[in-house]
Amino acid sequence: MSGRPADRRTRPRIAVVYHSRRGTMCRLAAAAAEGAGRAGATVRLLRVADTMEDPFRPGPTLPAEPSHPVAAPEDVLWADGLVLATPTYFGNVSAPFKAFLDSTARLWAKGMLTDRVVTGMTSAECSYGGREATLLSLYQTAYHWGSWVLGAEPADEDRPGAGRNPYGLSAAYRRGSPPGPAELGNARALGHRLARITGRPTPVLPSVVARPTRVTVVHHAEGTAVRTLAQECAAGARDTGAQVRLRRVPDPAAGGPPTDGAQNGQRHRGRPTAGWGAPRPPVVTTEDLAWADAVIFGAPSRLGTLSAPLLAHAQSLARTGAGRPLWGKAASAFTVTPHPHAGSESALLAFHHVLFHCGAVVVPPGYTDPASFAAGGNPYGVAHPLSAGDRPSPEALLAVRHQGRRTALAGDRLRRTVPDIGPTSPLPARAPAEPAGAGRTSGPHTTTTSPEGR
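Only a predicted model underlies this, so the values are computations on that prediction, with no experimental measurement involved. For every chain, the first residue of the written sequence is number 1, and numbering continues from 1 along that sequence. Under the rules for a predicted model, residues below a pLDDT of 70 receive no local features and side-chain atom pairs below 80 are neither given nor counted, while totals for whole chains, interfaces and linings still include all residues. Hydrogen atoms and water are omitted, and side-chain values are computed over all heavy atoms in the structure.

**A closer look at the packing of aromatic side chains**
Given two aromatic rings, their pairing is described by the distance between the two centres and the angle made by the two planes. Stated formally: Pairing of aromatic rings covers Phe, Tyr and Trp, the last counted by its six-membered ring, and requires centre-to-centre distances within 6.5 Å; plane angles under 30 degrees mean stacked, over 60 mean edge-to-face, and any other angle means tilted. Lysine and arginine charges are scored as sitting over a ring when NZ or CZ, respectively, is within 6 Å of the ring centre and within 35 degrees of the ring normal.
Under the definition given, this model contains seven aromatic pairs. The structure contains a cluster of three or more aromatic residues connected by ring pairs, namely Trp108, Tyr367 and Phe373. Its guanidinium or amino end placed over the ring of Trp78, Arg44 lies 3.9 Å from that ring's centre, counting from NZ or CZ. It is Arg245 that lies over the ring of Trp291; its NZ or CZ is 4.1 Å from the centre.

**Quick look at the environment of Val83**
Filter applied, for reference: Secondary structure elements are defined from DSSP: runs of H or I of at least 4 residues count as helices, runs of E of at least 2 residues count as strands, and each element is numbered from the N terminus. A 1.4 Å probe rolled over the protein chains alone gives each residue an accessible area, and that area as a share of the maximum for its type sets the label: buried under 20%, exposed over 50%, partly exposed in between. Any two residues having at least one pair of non-hydrogen atoms within 4.5 Å are treated as being in contact.
Relative to the elements of secondary structure, Val83 occurs in strand β3 (residues 81-89). By relative accessible area, Val83 is classed as buried at 1%. On a C-alpha basis, the gap between Val83 and Leu45 in space is 9.5 Å, while along the polypeptide they are 38 residues apart. Among residues more than four places away in sequence, those in contact with Val83 are Ala15, Val16, Val17, Ala32, Thr119, Met121 and Leu194.

**A few points about helix α7 (residues 181-198)**
In an α-helix there are 3.6 residues to a turn, and that puts residues three or four apart on one side. Under the convention used in this document: To estimate how far a helix should extend, the number of its residues minus one is multiplied by 1.5 Å.
Between its first and last C-alpha, α7 extends 26 Å over 18 residues, near the 26 Å set by a 1.5 Å rise per residue. Along α7, the residues classified as buried are Glu183, Leu184, Gly185, Asn186, Ala187, Leu190, Gly191, Arg193, Leu194, Ala195, Ile197 and Thr198.

**Details of the nonpolar core**
How we decide: What makes a nonpolar core is a set of buried Ala, Val, Leu, Ile, Met, Phe, Trp, Tyr and Cys residues whose side-chain atoms join them at distances within 4.5 Å.
Among the nonpolar cores identified, the biggest contains 58 residues, and Ile14, Val16, Leu28, Met121, Val215, Val217 and Phe334 are the most heavily contacted of them. Among the elements that take part in this core, helix α2 (residues 24-38) stands out by supplying nine residues, more than any other. Excluding residues that lie within four positions of it along the chain, Met121 makes contacts with Met25, Leu28, Ala29, Ala32, Val83, Leu84, Ala85, Thr86, Leu135, Leu169, Ala187 and Leu190. Core analysis: the second largest hydrophobic core is formed by 54 residues, Ala71, Leu311, Ala314 and Val362 among them.

Structure representation (structure tokens):
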């Protein structure tokens, strides 16, 4: 979405890229393209070339759909939003699809893939055969791109039939049978949601645009490091002109002032934490989240996840039926760990799962600023290891300030809405023989013809 002329933003560009060996993903991808088109998007329906034999069913591989062009890295560059669709193999994406993702490295190295909105679809024969794992591993590529990641509509009672997976669409593969009506409906809904979220960056409501962006920074701090990062993150959001609320999650287990040792898992070493005398922010409420256009969370890492008080607060949103305060909003997270590889990545990735359940759009820092590289190059969020010192390094402070700015800007884009602009008219698909990446101006490429099977 970055750098697009304003008149193009009203009709988002959606690329639906799929790999299919037996037809299931092809049909689901076509349904997602249809849903995006109904939301007014310009759509490209593209297949990943199959370069190897199906390891589970040796023999000739059926083509996905000859009239669908082969996807190229330039299609990712063209798109404002992407539906990435792959079958599940051993809890991960298929090898041809991984090869396609790897082919984008040249564009990634130039910083050209940032700020797209990505969602995913997959299928597997077993209900618990790695569908969730495949979607979540797929999104790690998007985080490295610096893209935003969108899950499915959480707890949508009108969309049964796919396990109500908040991370995206996960469908059943049934040998010899196509996807059912409920699964195709879920695919259309996912494509429609992506197009609506992606199409928001055009300012069309003066009453919304007139006010500053609102950002809430929520943190659970047992000591100096998390609090310092939260303050710097809030300062970064203010750099964009945003209104910022700095809020804390109380620690019910703490019986007194935190100590330096509390951050290292040793609660009573006796020396008060530096900065304890500073005024503490107010306790966070659901209203603080509902008020915000973007929310950033921060907490220490404990056993590979963010600390229990912050997780309890996030989980309370679902228990009280108040998950909507984060729906469609930009969200991000940072952490403090005992050592460099004691949850710096896993804790943030695990918290992204919570954000998907709340319907948020995950906005990671990726590699969108040199500060991210200088602070250790974590594309999922800023992480400071306490083994390097109780106070965050200057590099970590610059990186988290960038994360605050970036999330605030994403929140500003996502808070803007667009009117219904009507579905796009189907345009002729270009000939399959056309070279990949050449003359790709028509869309959507949709067809009702699909081969048998997966």
